[in-house]
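Chain by chain, the residues run as shown.
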Amino acid sequence: MVNLKLWKNKYSLSSNLILITFLIGIINLFFYDYESTQEFVVLIAILIMRYVLFILIKRRFEWSKYLLVLIILRSIYRLWVVMGEVDASPVTKINLVLQLVMSVLAFAILFIFPKIKEWMSERRKYTAPGSISRTAELN
């Protein structure tokens, strides 16, 4: 059985995962060779979005899931672009994979796992805990 205390702190756990992706993004600033100033500015904007997302999740804003989805889509795009570059640092590639995995995990902890748990509890309501005894049927 999953520890219920973990699920009560889902916002804290998810926000910490997003904070880690923010820190990984700062590390990537030093390992990735930017081709233009525009690319650097976009990366800074994404880092700011990650930090804002960390705060929003920590404060339990329900609509933060939309920003989280945007961050995940951006991570997928960025991973696809960087994986195609031959001269990109392996550290950058690994960091981008870590960012994507942690972002998806944060989304799952916040929105997917609770829905599965709710679905399972709803399902248990409709299944009988045991069969009816024969003596109860006769009375």
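Nothing here was measured: the structure is a model prediction, and the numbers come from that model. (Residues numbered from 1 in each chain as written. Predicted model: local features only at pLDDT ≥ 70, side-chain atom pairs only at ≥ 80, totals over all residues. Heavy atoms only, no water.)

A. Up close: the packing of aromatic side chains. All chains considered together, the criterion is met by four aromatic pairs. Between the aromatic rings of tyrosine 51 and phenylalanine 54, the centroid separation amounts to 5.6 Å while the plane-to-plane angle is 45°, which identifies the pairing as tilted. Here phenylalanine 54 and tyrosine 51 lie together in helix H3 (residues 37-58), a separation of three residues that amounts to about one turn. The interplanar angle of 45° and the centroid separation of 5.3 Å between the aromatic rings of phenylalanine 107 and phenylalanine 111 together place this pair among those described as tilted. Taken together, the positions of phenylalanine 107 and phenylalanine 111, both in helix H5 (residues 90-126) and four residues apart, correspond to about one turn of that helix. Within the aromatic cluster, the residues linked to one another by ring pairs are Phe22, Tyr51 and Phe54. (Phe/Tyr/Trp six-rings, centres within 6.5 Å; stacked < 30°, edge-to-face > 60°. Helix = DSSP H or I, 4+ residues; strand = E, 2+ residues; numbered from the N terminus.)

B. Up close: H3. Here H3 contains 22 residues, and its C-alpha end-to-end distance of 32 Å stays within 8% of the 32 Å for a straight helix at 1.5 Å per residue. Along H3, the residues that are buried comprise Glu39, Leu43, Ile46, Leu47, Arg50, Leu53, Phe54, Leu56 and Ile57. Arginine 60, located one to two residues past H3, shows a positive phi value of around 65°. (Expected span 1.5 Å × (residues − 1). Buried < 20%, exposed > 50% of the residue type's maximum accessible area, 1.4 Å probe, protein only.)

C. Representation of helix H2 (residues 10-31). With 22 residues, H2 should reach 32 Å at 1.5 Å per residue; the first-to-last C-alpha distance of 32 Å fits that figure. Of all the residues in H2, the buried ones are Lys10, Tyr11, Ser14, Ser15, Leu17, Ile18, Thr21, Phe22, Ile24, Gly25 and Asn28.

D. Up close: empty space enclosed by the protein. For the structure on display, the rule yields one cavity of 30 Å³ or more. Its boundaries defined by the atoms lining it, the largest cavity holds a volume of some 180 Å³. If you go around the largest cavity, you meet 16 residues; those closest to its centre are Asn28, Leu43, Arg78, Leu96 and Gln99. Mapped onto the lining of the largest cavity, the elements with two or more residues apiece are H2, H3, helix H4 (64-83) and H5. If one sorts the elements of the lining of the largest cavity by residue count, H3 sits on top with five residues. Classifying every residue of the lining of the largest cavity gives seven nonpolar, five polar and four charged. (1 Å grid on protein atoms, 1.4 Å probe; cavity = no way out; pocket = protein on both sides within 12 Å on 5 of 7 lines; lining within 4 Å. Points joined across faces, edges and corners; volume = space filled by probe spheres on them. Nonpolar A, V, L, I, M, F, W, Y, C, P; charged D, E, K, R; others polar.)

E. The side chain of serine 64, seen in detail. Secondary-structure assignment places serine 64 in helix H4. In this structure serine 64 comes out as buried when scored by relative accessible area, which is 1%. Setting aside residues up to four positions removed in sequence, serine 64 forms contacts with Leu53, Leu56 and Ile57. (Contact = heavy atoms within 4.5 Å.)

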